[in-house]
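Chain by chain, the residues:
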Amino acid sequence: MSASGGTRAIVAALAANLAIAVAKFVAFLISTSSSMLAESVHSLADSGNQGLLLLGGKKAKREATPQHPFGYGRERYIYAFLVSIVLFTVGGMFALYEGYEKIHDPHPIKAWCWPVGVLVFAIVAESLSFRTAIKESNEIRGNQTWSQFIRRAKAPELPVVLLEDFGALIGLVLALAGVGLALLTGNGVWDGIGTVCIGVLLIVIAVVLALETKSLLLGEAAGTEEVEKIKAALVDGDTVTRVIHMRTLHLGPEELLVAAKIAVQHDDTATEVANAINAAEARIRAAVPIARVIYLEPDIYHPEAAKADGN
């Protein structure tokens, strides 16, 4: 994912959510609708989410240090994990609590035109933000389905924004349904039920994001396509005859570590082996530009040893 593409989607979502949060909170003060209060907290939480993603992207650009020799690329994963665990969960739990209170102490919605008007405005604004996220994602999604893209993406920003905007649109529909039923029936319990549904939605999204970002934090290998490109680039058929075994690890969304044991000819000189390793590293970087940290160990291939070594 290009940093500029992810940033455009984040900024678009941030601008939309800040405007929507203010509008929803004003509508809550006038109408006393619990769905509007839950939705205003939802939009405020989403705004905090985007702020954290931007902060994580900035911190990830720091240069490597002796204490962190592989750099700070994983900062983006850490902040995405904070988004999923803290803000989504806080928003979801608040909505559940507010919905519970409204169901047990229902009261009619005042000035119905405010919550309905704000929800319609919010749906339009969120749709524009969602369209931006979809457009930026389509540039790198390729032939993957949306589910595959969210699960396999190494850069967390676009999947987070996609799920945020998708969840926000569903939450707005739920809020509109709760407010509408409360107005039609005169029973404020429906407003509380809509609020509870928003809380459940937020917690489900939090769990999905937490699982995906946890996997990134633990360390994921390169995708199948990248692995095959690296293997093909390693072998030149002359000095490097095969890949005995190889491991890859994402140090960040756009930085890959490659460690491999490669088979060389038993009668090659040290100079020939060193030159072959340098040439192999150059081929890898040409084939997969994000492969920036490469460690290659030359060895003589023995089938039994290779099998015992994990291949």
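Scoring rules and cut-offs
Residues numbered from 1 in each chain as written. Predicted model: local features only at pLDDT ≥ 70, side-chain atom pairs only at ≥ 80, totals over all residues. Heavy atoms only, no water. Axes fitted to C-alpha atoms, helices over the stretch in contact; angles between N-to-C directions. Helix = DSSP H or I, 4+ residues; strand = E, 2+ residues; numbered from the N terminus. Parallel < 35°, antiparallel > 145°, perpendicular 65-115°, else oblique. Left-handed = near helix turned anticlockwise from the far one by under 90°. Contact = heavy atoms within 4.5 Å. Nonpolar A, V, L, I, M, F, W, Y, C, P; charged D, E, K, R; others polar. Buried < 20%, exposed > 50% of the residue type's maximum accessible area, 1.4 Å probe, protein only. Pairing = 2+ DSSP bridges. Right-handed = clockwise from strand over helix to strand, strands pointing away. Salt bridge = Lys/Arg side-chain N within 4 Å of Asp/Glu carboxyl O. Lys, Arg positive; Asp, Glu negative; His and termini not counted.

## Points about the packing of helix α8 (residues 224-234) against helix α9 (residues 270-287)
Between α8 and α9, the shortest axis-to-axis distance is 8 Å and the interhelical angle comes to 150°. One element, α8, and the other, α9, form an angle in the roughly antiparallel class. Crossing geometry of α8 relative to α9 is assigned as right-handed. Facing K229, I230, A233 and L234 of α8, the residues of α9 in contact are A280, R283, I284 and A287. Residue composition of the contact of α8 with α9, grouped by class: 6 nonpolar, no polar and 2 charged.

## Focus: the pairing of strand β2 (residues 255-264)
Counting buried positions along β2 gives 9 out of 10 residues, so the element sits mostly inside the fold. Examined bridge by bridge, strand β1 (residues 240-252) and β2 share 10 bridges and lie antiparallel to one another. Paired with T248 across the bridge in β2 is V258. Sheet analysis places β2 next to strand β3 (residues 291-299), joined by 8 bridges and oriented parallel. Bridging from a neighbouring strand, A260 pairs with L296 of β3. Read as a crossover between parallel neighbours, the route from β2 over α9 to β3 is right-handed.

## Some points on the side chain of S31
Position of S31 relative to the elements: it lies in helix α1 (residues 3-31). Taking the relative accessible area as the measure of exposure, S31 reaches 0% and is therefore buried. With near-sequence residues (within four places) excluded, S31 lies in contact with M36, P108, I109, K110, A111 and P115.

## Comments concerning the pattern of salt bridges
Think of it this way: side chains of opposite charge can pair up when their charged atoms draw near. Scanning the entire structure with this criterion turns up 9 salt bridges. Put simply, E281 and R285 hold a salt bridge, and the shortest N to O gap is 3.9 Å. In this pair, E281 and R285 both sit in helix α9, 4 residues apart, roughly one turn of the helix. Exposure remark for E281: the relative accessible area of 18% places this residue in the buried category. Sharing partners across several salt bridges, the network here consists of R76, E157 and E254.

## As for the sheet that holds β3
Taken together, 3 strands build an open sheet; the order of strands is β1-β2-β3 and the sheet is mixed. Each of the sheet's edge strands pairs with one partner strand only, and the pair in question is β1 and β3. In this sheet, neighbouring strand axes are inclined to one another by 15° on average, regardless of whether the strands run parallel or antiparallel. Sheet strands touched by α8: β1, β2 and β3. Its angle to β1, the strand with the most contacts, is close to 140°. Along the sheet face, α9 touches β1, β2 and β3 and points at about 150° away from the line of β3.

## Notes on the environment of K58
Relative to the assigned elements, K58 resides in helix α2 (residues 34-59). K58 sits in the exposed class, given a relative accessible area of 64%. For K58 and G73, which are 15 residues apart along the polypeptide, the C-alpha to C-alpha distance reads 9.9 Å.

## Structural notes on the side chain of E255
Examined against the element boundaries, E255 turns out to sit in strand β2. Buried within the structure, E255 lacks any salt-bridge partner; its nearest side chain of opposite charge belongs to R292, at an N-O separation of 4.7 Å. Among all residues touching E255, those that are not within four sequence positions of it are F70, L249, H250, I290, R292 and V293.

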